[in-house]
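Spelled out from the first residue to the last, the chains are:
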Amino acid sequence: MLIFAVIMLSVRLNASLKPVIRQQACHFAEKEASELIESCVSEFLDRNKYCYSDYAAVLYNDRKQVTSIETISYAVNKTQSELTLAINSKLRQIGCKSTEIPLGSLTKTFLLNGKGPKIHIKITPVGCTTVRLKSELVSAGINQTKHRITAVIGINMSSSTPLISFSTASEFEFLIAESVIIGEVPDIVPYNGIMR
């Protein structure tokens, strides 16, 4: 009876602790992914010093009016491939990470949250990333258009702890270049009619 009671207690304890451990471990994995991506993007921007003219060319006609915006595909593809390689390379180097969760945080009691002895959990993240550059035109006033180029980085991570395995998917967006395109201000005749 004693052995049966111990087994039942461990099964119940395992079932109640799994969701909390999963949540804490997911949060830890997302934090690691965020820091890794921010580090890679920062290093890439410091190394390349790209500006708006490296990614897009604004074309004008004979009257100096904007006719189109042409994306420079070489810079776009280079940015996407270099960032993807850098992030995936750092992901492979992560190895085993560890975090500590207070025992009180594994219970559903608010008063015990963050208290008690800490349980040591090892997380082994394995993942891959995708990088795509997004071009966006946004109105910025009368005859002004803001052209924004951002890097959208998606990362999928599979991690495992001694008790569970889980996967997380996160997406981050970084501003790469931005410019305001100014066109001609149209001649507007105000309407002077009286509404009845």
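These figures come from a predicted structure and were not determined experimentally. (Residues numbered from 1 in each chain as written. Predicted model: local features only at pLDDT ≥ 70, side-chain atom pairs only at ≥ 80, totals over all residues. Heavy atoms only, no water.)

### Brief notes about the overall build of the protein
1) Next: Across its full length, the protein carries three helices and seven strands.
2) Next: Listed by position from the N terminus, the elements making up the protein come as α-α-β-β-α-β-β-β-β-β.
3) Next: Within the span of the protein, comprising 196 residues, buried residues form 31% of the whole.
4) Next: In the protein, once contacts between residues fewer than 6 apart in sequence are set aside, the share between residues at least 24 apart is 61%.
5) Next: Element-wise, carbon and sulfur atoms account for 57% of the exposed surface of the protein, whose accessible area totals about 13200 Å². (Helix = DSSP H or I, 4+ residues; strand = E, 2+ residues; numbered from the N terminus. Buried < 20%, exposed > 50% of the residue type's maximum accessible area, 1.4 Å probe, protein only. Contact = heavy atoms within 4.5 Å. Areas by Shrake-Rupley, 256 points an atom, 1.4 Å probe, with all protein chains shown as cover.)

### What about unusual backbone geometry?
Leave glycine aside and you will find that most residues have negative phi; peptide bonds, for their part, are mostly trans.
1) Next: Phi at Lys49 is positive, roughly 55 degrees, even though this residue is not glycine.
2) Next: Its place among the elements puts Lys49 in the loop between helix H1 (2-48) and helix H2 (52-55).
3) Next: A residue is classified by how much of its surface remains accessible, and Lys49, at 62% relative accessible area, is exposed.

### Considerations on the pattern of salt bridges
1) Next: Tallied over the entire structure, the rule returns seven salt bridges.
2) Next: Taking the shortest distance from any N to any O, the salt bridge between Glu43 and Lys90 comes out at 3.2 Å. Taken together, the residues Glu43 in helix H1 and Lys90 in helix H3 (residues 73-93) connect sequence positions 47 residues apart.
3) Next: Judged by relative accessible area, Glu43 falls into the partly exposed class, the value being 39%. (Salt bridge = Lys/Arg side-chain N within 4 Å of Asp/Glu carboxyl O.)

### Digging into the nonpolar core
1) Next: Ile37, Tyr55, Ile87 and Ile149 are the most contacted members of the largest nonpolar core, which has 27 residues in total.
2) Next: Elements with a minimum of two residues in this core: H1, H2, H3, strand S5 (126-139), strand S6 (144-160) and strand S7 (165-182). (Core = buried A, V, L, I, M, F, W, Y, C linked by side-chain atoms within 4.5 Å.)

### Remarks on the packing of aromatic side chains
1) Next: Applying the stated rule across the entire model yields two aromatic pairs.
2) Next: The interplanar angle of 65 degrees and the centroid separation of 6.0 Å between the aromatic rings of Phe44 and Tyr50 together place this pair among those described as edge-to-face.
3) Next: Feature note: the residues Phe44, Tyr50 and Tyr55 constitute an aromatic cluster, connected by ring pairs. (Phe/Tyr/Trp six-rings, centres within 6.5 Å; stacked < 30°, edge-to-face > 60°.)

### Re the environment of Asn48
1) Next: With respect to the helices and strands, the residue Asn48 is situated in helix H1.
2) Next: Sequence-wise, Asn48 and Thr79 are 31 residues apart; in three dimensions their C-alpha atoms are separated by 9.4 Å.

### Focus on the environment of Thr84
1) Next: In this fold, Thr84 is placed in helix H3.
2) Next: Taking C-alpha positions, Thr84 is 6.2 Å from Thr130, a pair spaced 46 residues apart along the chain.
3) Next: At a separation of 2.7 Å, a polar atom in the side chain of Thr84 contacts the main-chain carbonyl oxygen of Gln80. (Polar contact = N/O pair within 3.5 Å; in protein donor to acceptor, adjacent residues only side chain to side chain.)

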